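As a plain string of letters, each chain reads:
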Amino acid sequence: MSEPRSPPRLPDDRWRAVDSALWLAPIVGYFAFPEHRVLGSQVIITALFALSLDLILGYAGIVSLGHAAFFGLGAYTAGLLAVHGWGEPLTGLLSAGVIAAAAGYATSFLVVRGRELAQLMITLGIGLLLVEAANKAAGVTGGVEGLPDVPIWRLAGTFRFDLAGNTAYWYSLVVAFGGFVLARRLVHSPFGLSLQAIREGARRMPALGAPVGRRLVAVFTIGAGLAGIAGALLVQTTQFVGLNMLEFQRSADVLIMLALGGTGRLYGAFLGAGLFMLMKDYLARQDPIYWQFWIGLLLVSVVLFARGGILGGIDAVRGWLAARRSR
Amino acid sequence: MVAAFLTVLFDGVAYGSLLFVISVGMSVTMGLLSFINLAHGAFAMFGGYLAIGLMARWGVPFVATLPAVMIAFAAVGAVAERLLYRRVSRTRPLDQVLFTIGLAFMATALATRLWGPSQQGVVLPGMLTGQVQVLGLELGAYRLFLIAVVVAITTTLHLLVGHTRFGAQLRAAVDHPGAAAGLGIPVDHVVSISFALGSGLAALGGALGIDVLGLDPYFTFKYMVYFLLVVVVGGEGSIVGSAVAAVALGVFDVVGKYYIPQLGGFLIYGVMVILLLVFPGGLIRRRR
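Residue numbers restart at each chain and count upward from 1, following the sequence in its written direction. Whichever chain is written first is A, and whichever ligand is written first is 1; the rest continue in order. For a predicted model such as this one, the threshold for reporting local features is a pLDDT of at least 70, and the threshold for listing and counting side-chain atom pairs is 80 or more; totals across whole chains, interfaces and linings nevertheless cover every residue. Side-chain numbers here rest on the full set of heavy atoms in the structure, without hydrogens or water.

Novice: What is the right way to read the side chain of Thr91 of chain B from this model?
Specialist: Under the DSSP-based scheme used, a helix requires at least four consecutive residues in state H or I and a strand at least two consecutive residues in state E, with every element numbered from the N terminus. On the secondary structure map, Thr91 of chain B appears in the loop between helix H3 (62-88) and helix H4 (93-115). Relative accessibility thresholds used throughout: buried, under 20% of the residue-type maximum; exposed, over 50%; partly exposed, between the two (1.4 Å probe, protein chains only). Given a relative accessible area of 16%, Thr91 of chain B falls into the buried group. A contact between two residues is defined here by any heavy atoms of the two lying within 4.5 Å. Those residues in contact with Thr91 of chain B that sit more than four places away from it in its chain are Arg307 of chain A together with Gln96 of chain B.

Novice: Would you mind showing me how to read the packing of helix H2 (residues 37-59) of chain A against helix H11 (residues 267-286) of chain A here?
Specialist: How two helices pack is summed up by the angle between their axes together with the distance between the axes. All names here are of chain A. Axis definition: a line fitted to C-alpha atoms, limited for helices to the stretch in contact. Angles are taken between N-to-C directions and run from 0 to 180 degrees. For the pair H2 and H11, the least separation of the axes is 8 Å and the interaxial angle reads 135°. One finds that H2 runs oblique with respect to H11. Where H2 crosses over H11, the two elements pack in a sense that is right-handed. Each of Leu39, Gln42, Val43, Thr46, Ala47, Ala50 and Leu51 in H2 lies in contact with H11, whose residues at this interface are Ala269, Phe270, Ala273, Gly274, Met277, Leu278 and Asp281. Should an angle lie under 35 degrees it is considered roughly parallel, over 145 roughly antiparallel, and from 65 to 115 roughly perpendicular; all remaining angles are considered oblique. Crossings are assigned a handedness: left-handed for a near helix turned anticlockwise from the far helix by less than a right angle, right-handed for a clockwise turn.

Novice: Sorry, what's going on with the pairing of strand S1 (residues 131-134) of chain B here?
Specialist: Taken residue by residue, a regular strand's side chains alternate between the two faces of the sheet. All names here are of chain B. Note on pairing: two strands pair once DSSP finds at least 2 bridges between them. Judged from the four bridges that link them, S1 and strand S2 (residues 137-140) form a sheet pairing that is antiparallel. By the bridge assignment for S2, Val132 is matched with Leu139. Joining the antiparallel neighbours S1 and S2 is a turn of two residues, in which Leu135 adopts a positive phi near 50°.

Novice: When you look at the packing of aromatic side chains in this model, what are you seeing that I'm missing?
Specialist: For any pair of aromatic rings, the description consists of the separation of the ring centres together with the inter-plane angle of the planes. Residue and element names in this part refer to chain A. Classification of ring pairs rests on two measures: the distance between centres of Phe, Tyr or Trp rings, Trp counted by its six-membered ring, which must be within 6.5 Å, and the angle between planes, read as stacked under 30 degrees, edge-to-face over 60 and tilted in between. Evaluated as defined, the whole model comprises 37 aromatic pairs over all chains. With a centroid separation of 6.2 Å and 90° between ring planes, the pair formed by Tyr290 and Trp294 is classed as edge-to-face. Among the residues examined, Tyr290 registers a relative accessible area of 12% and is labelled buried. Looking at Trp294, the relative accessible area reads 42%, which means it is partly exposed. Through successive ring pairs, a cluster of aromatic residues spans Trp15, Trp23, Phe177, Phe180, Tyr267 and Phe270.

Novice: Would you mind showing me how to read unusual backbone geometry here?
Specialist: With the exception of glycine, most residues fall at negative phi, and the peptide bonds are largely trans. Residue and element names in this part refer to chain A. Phi angles above zero are rare outside glycine, and Asp149 is one such case at about 50°. With respect to the helices and strands, the residue Asp149 is situated in the loop between helix H6 (138-141) and helix H7 (166-187). Here the phi dihedral of Gln239 falls at roughly 55°; this positive angle occurs in a residue that is not glycine. One can find Gln239 in the loop between helix H9 (212-238) and helix H10 (248-261). Owing to a relative accessible area of 24%, Gln239 belongs among the partly exposed residues under this scheme.

Novice: Looking at this structure, how should I read the interface of chain A and chain B?
Specialist: Interfaces are often described in size by the accessible area the parts lose on coming together. Taken together, the contacts link 40 residues of chain A with 44 residues of chain B. Between chain A and chain B the total buried area reaches about 3,700 Å² when both faces are included, carbon and sulfur atoms providing 82% of it. Summed over both partners, the accessible surface that disappears when two parts come together, traced with a 1.4 Å probe, is what is meant by buried area. If you sort the residues of chain A by the area they bury against chain B, Leu117, Met121 and Leu129 of chain A come out on top, with a joint share of 15%. Salt bridge, as applied in this entry: a Lys or Arg side-chain nitrogen positioned within 4 Å of an Asp or Glu carboxyl oxygen. Along the contact surface separating chain A from chain B lie one salt bridge. Across the pair Arg113 of chain B and Asp287 of chain A runs a salt bridge, and its minimum N-O distance is 2.6 Å. Residue assignment for the side of chain A that touches chain B shows that the elements contributing at least two residues are helix H5 (116-136), H10 and helix H12 (291-305) of chain A. No other element matches the 13 residues that H5 of chain A contributes to the side of chain A that touches chain B. Three classes are used, and their members are as follows: Ala, Val, Leu, Ile, Met, Phe, Trp, Tyr, Cys and Pro are nonpolar, Asp, Glu, Lys and Arg are charged, and the others, Gly among them, are polar. Taken together, the residues that form the side of chain A that touches chain B break down as 27 nonpolar, five polar and eight charged.

Novice: What is the right way to read empty space enclosed by the protein from this model?
Specialist: A water-sized probe rolled over the atoms picks out the places where empty space is left. All names here are of chain B. Here a cavity means grid points, on a 1 Å grid over the protein atoms only, where a 1.4 Å probe fits yet cannot get out; a pocket means an open set of points with protein on both sides within 12 Å along at least five of seven lines; lining residues are those with an atom within 4 Å of a point. Grid points are joined across faces, edges and corners, and a volume is the space filled by probe spheres set on the points. Under the defined criterion, the tally for this structure stands at six cavities of 30 Å³ or more. Counted as a void, the largest cavity has a volume near 110 Å³. Val28, Leu157, Ser194, Leu197 and Ile239 are the residues nearest the centre of the largest cavity, which is lined by 13 residues in total. Breaking the lining of the largest cavity down by element, the ones donating at least two residues are helix H1 (2-33), helix H5 (141-163), helix H6 (165-175) and helix H8 (187-208).

Here it is, written out as structure tokens:
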């Protein structure tokens, strides 16, 4: 007689020791590398940005070549608010998230209707349109020069954003942690499972009664909002907004980070962002032009030899070990 | 007024025909394998650099560099297909995008290292410079030459695809690779040849286009959108569709930049988004 099948269950959402350990790492990093706190905060912000793409790409399977559009939208929202007299960081962050999410919602209908190539082109097109718009509206956005010296008020009325990046580091870390908890809850919910199912077989999901379009619209909106928050964080901690926050390069970079770390795994975004930023920092200092070659080579090698990125590789090794043990 | 407009229109057609030569190979591979190749423009870029190198180092005349560039990059394309592209051609679209973006980054960095970041110029032979009177219009001699070359290429391609054994195999493989393979058509072989041909044509387009499109290390990314647009609007795998889309795109872009320069890139990106929404399967639908 066969064993009674246990009913299908949601993924285990409990917080584990390994989660705590991973989140202790940036706290240790703060004290271990006091002279690199500015870089550290930028890594954390970029990781949040990569996490927002992971929801859209890693879980829902929408390939976006224009995710920087939402990052930049959030950045300009926070920057313009501050320039026009409202430099309060938390409300700035919130407004950036809302604006970016609204833009994500509006554009999601264009994105979710096509196949991969069409999705790719539409996201690319939207991104490029936004860069053009920001470039042309120089009176508002500062055009190519950007908006330097954005006046950001003290955080909670107490903590000044200092040059050493102390406030920036903690602020970014707490916000990124919040984003992570949200994303984690989301992907472990029935909603998150349905996204993965859509990724694996979008044609079959309607047969199960899942509204594919609505689910994708929802995740695209959430991802855009998180990206906007990341953009606002970068502006508030660096006091600068520029066109490069919208540009294709940033969309490509974040895609690369996610591929390096591993898509659809949440921590892949953090690992990939950290690795990419440190590598870029190191390589760009060796050779400011040629570093792109090594990034490209790395990307090509990941696709050829290590699909799934670092975390995918670790999973593969663990699976292999488990298979050996059970033999 | 009318004459000026016709001249601009003519420039647009010349520009569009270049876009066609460069992207047609990409369209065919996309149709054959649904392979998204964002690095396709790199072939065109290196084709341009090779032409300049041949002229500068060995004094090869410009017109003679064109077939040389095409043959050289057809060979490079064949090797690249065997060694690199074949290994990712049946993976997820995301992997293809990452892989080819990686290649495009490498190409950009390599070109910067080898030839510097500045624009390259080309010295055209006297015959191809200046203006020619055609039906009372002042037309650029070089652009006229360019259109003639592209018309010749398009005719050859059309005959090749429509009236040869290879063409029949290619069309079968584009329509349904599985069924074509089942009928004994060597699909892998067809893919290799088309990829090589497409790479050669792209390189030729790059060499032809130095004077029109410009040539610098950012070429691959700068024109990526245009090439993709030709493929998507023209319909993947359709040669006629690509030609129509490329010329329309060229005319639209040049006329727009000439008459409404303040719009800049808006026009083309806006049109792109709208076209994709209205014709998600391309202007000319492939029969399934």
